[in-house]
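Notes for the structure review
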Amino acid sequence: MPFPLGPLRKATAKPAAHVDPQAKPHLNDDGHIDFHIGDGEHPHNWSNTRRWYITIVTVIMAMNGNVSSTILTGSTGSISEEFRVSEVAAGLPTTMYLLGFCAGPLIFSPLTEFYGRRRILCSTFIVYWAFTFLTAWPPNFGALLVGRFLAGTFIAAPLAAAPGVLLDLFDDVDRGNPMALYCGASWVAPAIGPVISGFVELKKDWHWGIYACLWLGAFSIPLVLTIPETHSPTLLTQKAVLARGNGHDVQSAVEASRPKLLQIYKVALTRPWILLFDPISFLLFIYLFVVFTLQFMLFTIYPIVFRDMRGWNVGVAQLPLTGLAVGAVIGALIIFADTERRRRKARSGKELLPEDRMILAMIGGVGFPVFMFWLCWSAQYNSVHWIVPTTGGAFLATSLMLIFVAALNYIIDAYAEYACSVLAANALGRSAGSAAAPLFTTQMFTALGVGGGGSLIGGVATLLAFIPFVFYRYGPTIRRKSKYAAAEPE
């Protein structure tokens, strides 16, 4: 059995199954074993406490990867000094880590469909921690780059699988809140990394940022090992094995089709590129590419504004980044309110179309250029109080998070069985933009100025702001014409 976890398999948050050996297994119309209505083994029917515990542990995993993604951005000075490289080259460990985010989903996402979520989540998280341990004491700069790339590759598996875990646990109406929590971690955690590294740079060096990631990982590993299997096809296969052990001649749909791992990889590596050029997928790919490129540009823009222009020290200059975390919390609260709105709408019997998700994206899409202009033009002048650009950055983070959450949920609702492939292509684009950001941001904002560089991004955001409005108005028509999106019956 690949990725064995031994007796730790029993120490999970999965509810105890009470199975009558004599009871006939429930079969679907195709004759395969299936969950019956109200089946306690279906993750959707687990208790709220259990599902939210798993969600929180999943978010903690994501926070490990996201804190580590920016943990060296505030320590480029000591990296440059220790390895005798330029300040630009000192940003490469962050770029290599984020390039690992591109490779990881391609390697591990198919395995989560073949072996289930739990084995991949647990094993890859432990390997990520091991490579992070090695990057704390690299013999040379090349070893640091390789170690960071491998650490990013392995932690990308839990990051890519996290939305799938939430999809396993929650239905369409209730998924908004846990998705907001997960996406909030994607904004809060990267903002924490530079603050940690900036302050340790004052007294120590970049090694201590890696130590912080190791301490967080050591705390998280015992929690990660308690995550149960949530993948319904894998659970049904386990259910079928148990039933056969009790004398019932049954099998799951996965066992009946018996896909080969090579076939799964073939689909996983080709289908995302085919789906990428579907209109919905392509436009959201472009939008989120810009959103995530900007997110990681901010970790370079803020030091330019507060360290280089205002003369703050390397630690204090990172503190305004906490405004991004505050903005993420505001975004989460807005999403919680929207989830309650959707819940009331569902209870009243009204149909919830995927396009209903675009309301949040429309709000975020309008806010994106507005707050980008606010941030950069107030930051352009040192005479403007620091709280003004920090506040603009907080609301900018809120806007970006609303776009991100709405787009992810819209993809899941609109593409149904193809959603995983569309999300995979989308994740590759986001990761590529994030990886590139540290390499050109300093040169771009030095040449154009903070106001000019921000205006360029704000202009692009203004053009992209029309996308959610188009989907909200014409989404059903676009889905009907798509070969892959799920359309409502005419």
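First things first, this report covers the structure right here in the doc. For clarity, every value in this text was computed on a predicted model and none was experimentally measured.

Things to note about the layout of surface pockets
As a volume, the second largest pocket reaches approximately 460 Å³. Considering the residues around the second largest pocket, the lining is formed by 24 residues, among which Thr73, Thr76, Glu87, Thr300 and Thr442 are closest to the centre. At seven residues, the largest contribution of residues to the lining of the second largest pocket is made by helix α11 (residues 279-309). Looking at the lining of the second largest pocket, its residues break down into eight nonpolar, twelve polar and four charged.

Structural notes on a nonpolar patch on the surface
Together, Phe277, Phe282, Leu283 and Ile286 make up a nonpolar patch on the protein surface, roughly 350 Å² of accessible area in all. Checked against the element boundaries, Phe282 lands in helix α11. In this structure Phe282 comes out as partly exposed when scored by relative accessible area, which is 33%.

Quick look at the pattern of salt bridges
One pass over the full model with this rule turns up 14 salt bridges. Arg117 is the salt-bridge partner of Asp168, the closest N and O atoms lying 2.8 Å from each other. Here Asp168, found in helix α5 (residues 141-169), pairs with Arg117, found in helix α4 (residues 117-135); they are 51 residues apart in sequence, far enough to count as distant. Look at Asp168 and you get buried, because its relative accessible area is 8%. Among the ionic pairs, Arg175 bridges to Asp413, the shortest N-O distance being 2.8 Å. With a gap of 238 residues between them, Arg175 in the loop between α5 and α6 (176-203) and Asp413 in helix α14 (residues 387-415) connect regions that are remote in the sequence. Asp413 shares its class with Arg175; the two are buried. Salt bridges here are not isolated pairs; linked through shared partners, they connect Asp338, Arg341, Arg342, Lys345 and Asp356.

Observations regarding the environment of Arg271
Here Arg271 lies in helix α10 (residues 261-276). Overall, Arg271 belongs to the partly exposed group, its relative accessible area being 30%. The spacing of Arg271 and Asn177 is 94 residues in sequence and 29 Å in space, taken between C-alpha atoms. With sequence-adjacent residues up to four places away left out, Arg271 is seen in contact with Tyr418 and Ser421.

Considerations on the packing of helix α1 (residues 48-70) against α5
One can describe the packing of α1 onto α5 by two numbers: an axis separation of 9 Å at closest approach and a directional angle of 155°. In terms of axis orientation, α1 runs roughly antiparallel to α5. Considering how the two elements wind past one another, α1 and α5 form a crossing that is left-handed. Here α1 contributes Arg51, Ile54, Thr55, Thr58, Met61, Ala62, Gly65, Asn66, Ser68 and Ser69 to the contact with α5, which in turn contributes Arg148, Ile155, Pro158, Leu159, Ala162, Val165, Leu166 and Leu169. Tallied by class, residues from the contact of α1 with α5 come to ten nonpolar, six polar and two charged.

The rules behind the values
Residues numbered from 1 in each chain as written. Predicted model: local features only at pLDDT ≥ 70, side-chain atom pairs only at ≥ 80, totals over all residues. Heavy atoms only, no water. 1 Å grid on protein atoms, 1.4 Å probe; cavity = no way out; pocket = protein on both sides within 12 Å on 5 of 7 lines; lining within 4 Å. Points joined across faces, edges and corners; volume = space filled by probe spheres on them. Helix = DSSP H or I, 4+ residues; strand = E, 2+ residues; numbered from the N terminus. Nonpolar A, V, L, I, M, F, W, Y, C, P; charged D, E, K, R; others polar. Patch = residues over 30% accessible without salt bridge, like charges linked within 9 Å, V, L, I, M, F, W, Y side chains within 5 Å. Areas by Shrake-Rupley, 256 points an atom, 1.4 Å probe, with all protein chains shown as cover. Salt bridge = Lys/Arg side-chain N within 4 Å of Asp/Glu carboxyl O. Buried < 20%, exposed > 50% of the residue type's maximum accessible area, 1.4 Å probe, protein only. Contact = heavy atoms within 4.5 Å. Axes fitted to C-alpha atoms, helices over the stretch in contact; angles between N-to-C directions. Parallel < 35°, antiparallel > 145°, perpendicular 65-115°, else oblique. Left-handed = near helix turned anticlockwise from the far one by under 90°.

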